[in-house]
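# Breakdown of the fold
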Amino acid sequence: MNQIIRCITCDEIFTKTPYDQWPEYEYVSVNRPEPSRTIEKDDFQDFLKHHRNHPMEDLKVLEDSFVSEKPYFEPTKASYFKATNGKEMFVIKKFRKRIDEPLSYQLIRGDYSLKLLRLEIQAEEIVKQLKKELNPSPLPEPQLEAFLKLYRQVLKTIDINSLERVPEDSPHPLEIYYKMDDVSLAYLLRNCRTIFKGQEYQAVEAFIQRHREDGVLLLKAVYQIQISESSKSKKGALPIPHAIEGKKYVEKT
Ligand SMILES: [Zn+2]
């Protein structure tokens, strides 16, 4: 069990267990075996000494709230997860400025959300794949362009909320892939008939069917982590009855 202890007075946290068991470490361990860092008991004692007589409380980590701004294998990325004391929400930023530094944890009052930056087609990949698969009778350049233009037009009519997300993990945590819906597929195929004829159309239709579920025709959504910090002013906050809510950790001697 991961345990996060918050000093209510200072808004500082101590994480009693390293997050070695979190999924991203499985990725890390493939190429970059990280020596499992054990937090010395002294660290906790130091924390207690530093916050002597301050009220403390445990924070509960919200399951599945883990997001990261860079690919999983990136060692210096910042990641975020949500935690709560039952009344307030917190975002915990986990980061490391340099690879040889230990992880730092920063407590932020508030919440985060994922903001959609853009939904796009994978134009480069589509062209590359079309050229590769439609060999030895490749599409002429103007037709490739016409196909991309058409697919971008289809994209404009798509509401991302109606799309099905592809379950496979993307290597980049903020890039998510979606399948085109059936209505859009029908629209795309219908309009392909005006661009391609005969055998060419057959080949393009087969290509579309091959790639719409898990190939280059997947739509790529790019998100951004948006942190909404709530006011740090204690005036508005309810006073916490320390004797009841606060938890006291006693330094060992
Ligand atoms: Zn403190």
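Whatever comes next refers back to the structure up there.
These numbers were taken from a predicted model, which means no experiment stands behind them. (Residues numbered from 1 in each chain as written. Predicted model: local features only at pLDDT ≥ 70, side-chain atom pairs only at ≥ 80, totals over all residues.)

Take Arg190: it is sitting in helix H5 (residues 182-195). When the 9 C-beta atoms within 10 Å are taken as the criterion, Arg190 is described as exposed. For the pair Arg190 and Glu205, spaced 15 residues apart in the sequence, the C-alpha separation amounts to 10.0 Å. (Helix = DSSP H or I, 4+ residues; strand = E, 2+ residues; numbered from the N terminus. Buried ≥ 20, exposed ≤ 12 C-beta atoms within 10 Å, placed from the backbone.)

What follows deals with the packing of helix H4 (residues 141-156) against H5. Direction vectors running N to C along H4 and H5 enclose 150 degrees, while the axes themselves pass 10 Å from each other. Taken together, the axis directions place H4 and H5 in an arrangement best described as roughly antiparallel. You can see that H4 and H5 cross each other, and the crossing is right-handed. Touching Gln143, Ala146, Phe147, Leu150, Tyr151 and Val154 of H4 are Ser184, Tyr187, Leu188, Asn191, Cys192 and Ile195, all from H5. Looking at side-chain class alone, the contact of H4 with H5 contains 9 nonpolar, 3 polar and no charged residues. (Axes fitted to C-alpha atoms, helices over the stretch in contact; angles between N-to-C directions. Parallel < 35°, antiparallel > 145°, perpendicular 65-115°, else oblique. Left-handed = near helix turned anticlockwise from the far one by under 90°. Contact = placed C-beta atoms within 7 Å. Nonpolar A, V, L, I, M, F, W, Y, C, P; charged D, E, K, R; others polar.)

A separate point is the pairing of strand E5 (residues 79-84). A regular strand carries its side chains on alternate faces of the sheet. Judged from the 2 bridges that link them, strand E3 (residues 56-61) and E5 form a sheet pairing that is antiparallel. Among the inter-strand pairings, Lys60 is bridged to a residue of E5, identified as Thr84. Both strand E4 (residues 67-68) and E5 contribute to a ladder of 2 bridges, which runs antiparallel. In the sheet register, Ser68 faces E5, and the bridge partner there is Ser79. Relative to strand E6 (residues 89-95), E5 runs antiparallel, the two being bridged by 6 bridges. Note on E6: the bridge partner recorded for Thr84 is Met89. What sits between E5 and E6 in their antiparallel hairpin is a turn of 4 residues, with Gly86 showing a positive phi close to 100 degrees. (Pairing = 2+ DSSP bridges.)

Just distances and angles here, no functional claims.
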